[in-house]
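# Summary of structural features
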Amino acid sequence: ARKAGHANFALAALNQLQQLLQQACAAAGGSSAAAGWQMQLLGGDTGAVQQQQQQRLRGWLQELVAPEAPWLLENVQLKWQQGQQLPAFRELQALVAALQSQQQQQQQQGQHDGSSSNSERLPIALMRAQALAGQWMAAGQFSSSGDSALSAFKAAAAIAQEQQQQQGAADSHSQSELSRLHCGVYFQLASYADQRFKEIEAQMASPEWQKQKQVLEYKEG
């Protein structure tokens, strides 16, 4: 809906998702009354089934409220499209920081316990968020220096390179999707680097720059 230009539909979908998450979090609080709606759908009330469903619900919630949940980045992009550029950029910066913190925490704890889906989602989400941050900073609205945008693009490309070295175990569909994302990140980095190079060349060829260069050479001589 967002990509099609229907911001109202996209916003309604995100609001509905947030409401469902709030209800699910309340249901996963541990009380049997809150979890009763699950048993109505299951058609049973055994303790083992209820415990199993609560565990599944908690796992589902952990994925959807984690920083790497895709809808969080979608929410940021929707705000940008609606003209809320500054709030969107601040939320994106906070999301990048949360993803970096989550990644650092997992690395410190050595979380390689078989949750491959989580270990794959986190770097992909961070790569996308950093590439988007670089794209917005490259527009020149939120950074006085182009180095910040370049750093964001380079960080995203570094994640892509690291993932490419670990793609052997992925299936063909996952490899194709990751390759598409990686190509997009590399293209953004290359395009911005080329843009910066042309800007520097134009600056060095300007009369003001040449005059300043002559003054410096005169003082050094």
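### Brief notes about the overall build of the protein
When its secondary structure is counted, the protein shows nine helices and zero strands. In sequence order, the protein lays out its α and β elements as α-α-α-α-α-α-α-α-α. With 221 residues in all, the protein has 29% of them scored as buried. As displayed, the protein offers around 14100 Å² of accessible surface, 51% of which is attributable to carbon and sulfur atoms.

### Focus: the packing of helix H1 (residues 7-27) against helix H4 (residues 70-81)
Packed helices, taken two at a time, are described by their axes: the angle between them and the distance between them. At a minimum axis distance of 11 Å, the contact between H1 and H4 shows a crossing angle of 145°. The chirality of how H1 crosses H4 is left-handed. Contacts between H1 and H4 involve Ala7, Ala10, Leu11, Leu14, Leu17, Gln18 and Leu21 on the former and, on the latter, Trp71, Asn75, Leu78 and Gln81. By residue class, the composition of the contact of H1 with H4 is eight nonpolar, three polar and no charged.

### Some remarks on the packing of aromatic side chains
Any aromatic ring pair is given by two values, namely how distant the centres are and how the planes are angled relative to each other. Using the criterion set out here, one finds two aromatic pairs in the structure. Here the aromatic rings of Trp80 and Trp136 are separated by 4.0 Å at their centres, their planes lie at 10°, and the arrangement is stacked. In this pair, Trp80 sits in helix H4 while Trp136 sits in helix H6 (residues 116-138), placing the two residues 56 residues apart along the sequence. The pair formed by Trp80 and Trp136 is uniform in burial state, with each residue classed as buried. A centroid spacing of 5.5 Å and a plane angle of 50° characterise the contact between Phe153 and Tyr192, whose relative ring orientation is tilted. Remark: Tyr192 occurs in helix H8 (residues 172-204) and Phe153 occurs in helix H7 (residues 146-164); sequence separation between them is 39 residues. Each member of the pair, Phe153 as well as Tyr192, is classed as buried.

### Side note on the side chain of Asn75
Considering the arrangement of structural elements, one finds Asn75 in helix H4. Accessibility expressed as a relative area gives 13% for Asn75, which makes it buried. Excluding anything up to four places from it in sequence, Asn75 contacts Leu14 and Glu91.

### Looking at the confidence of the model for the protein
Counting all residues, the mean pLDDT for the protein is 80, and 78% of those residues have values of 70 or more. For the protein, helix H2 (residues 36-42) is the element with the lowest average pLDDT, namely 40, and H4 is the one with the highest, namely 90.

### A few points about helix H9 (residues 207-220)
For H9, spanning 14 residues, the distance from its first C-alpha to its last is 20 Å, which sits close to the expected 20 Å at 1.5 Å a residue. Where burial is concerned, little of H9 is hidden: zero out of the 14 residues are buried.

### Here's the deal with a nonpolar patch on the surface
A cluster of nonpolar side chains, namely Ile200, Met204 and Trp209, defines an oily patch on the protein surface of about 260 Å² accessible area. Within the secondary structure layout, Ile200 lies in helix H8.

### Notes on the nonpolar core
In this structure, Leu92, Leu99, Met127 and Trp136 are the most contacted members of the largest nonpolar core, which totals 32 residues. Looking at which element gives the most residues to this core, the answer is H6, with eleven residues. If near-sequence neighbours (up to four positions away) are discounted, Met127 is found in contact with Ala156, Ile159, Ala160, Gln163, Leu181, His182 and Val185. Counting twelve residues, the second largest nonpolar core, distinct from the first, contains Ala27, Leu64, Trp71 and Leu78.

Cut-offs applied
Residues numbered from 1 in each chain as written. Predicted model: local features only at pLDDT ≥ 70, side-chain atom pairs only at ≥ 80, totals over all residues. Heavy atoms only, no water. Helix = DSSP H or I, 4+ residues; strand = E, 2+ residues; numbered from the N terminus. Buried < 20%, exposed > 50% of the residue type's maximum accessible area, 1.4 Å probe, protein only. Areas by Shrake-Rupley, 256 points an atom, 1.4 Å probe, with all protein chains shown as cover. Axes fitted to C-alpha atoms, helices over the stretch in contact; angles between N-to-C directions. Left-handed = near helix turned anticlockwise from the far one by under 90°. Contact = heavy atoms within 4.5 Å. Nonpolar A, V, L, I, M, F, W, Y, C, P; charged D, E, K, R; others polar. Phe/Tyr/Trp six-rings, centres within 6.5 Å; stacked < 30°, edge-to-face > 60°. pLDDT = per-residue confidence, 0-100. Expected span 1.5 Å × (residues − 1). Patch = residues over 30% accessible without salt bridge, like charges linked within 9 Å, V, L, I, M, F, W, Y side chains within 5 Å. Salt bridge = Lys/Arg side-chain N within 4 Å of Asp/Glu carboxyl O. Core = buried A, V, L, I, M, F, W, Y, C linked by side-chain atoms within 4.5 Å.

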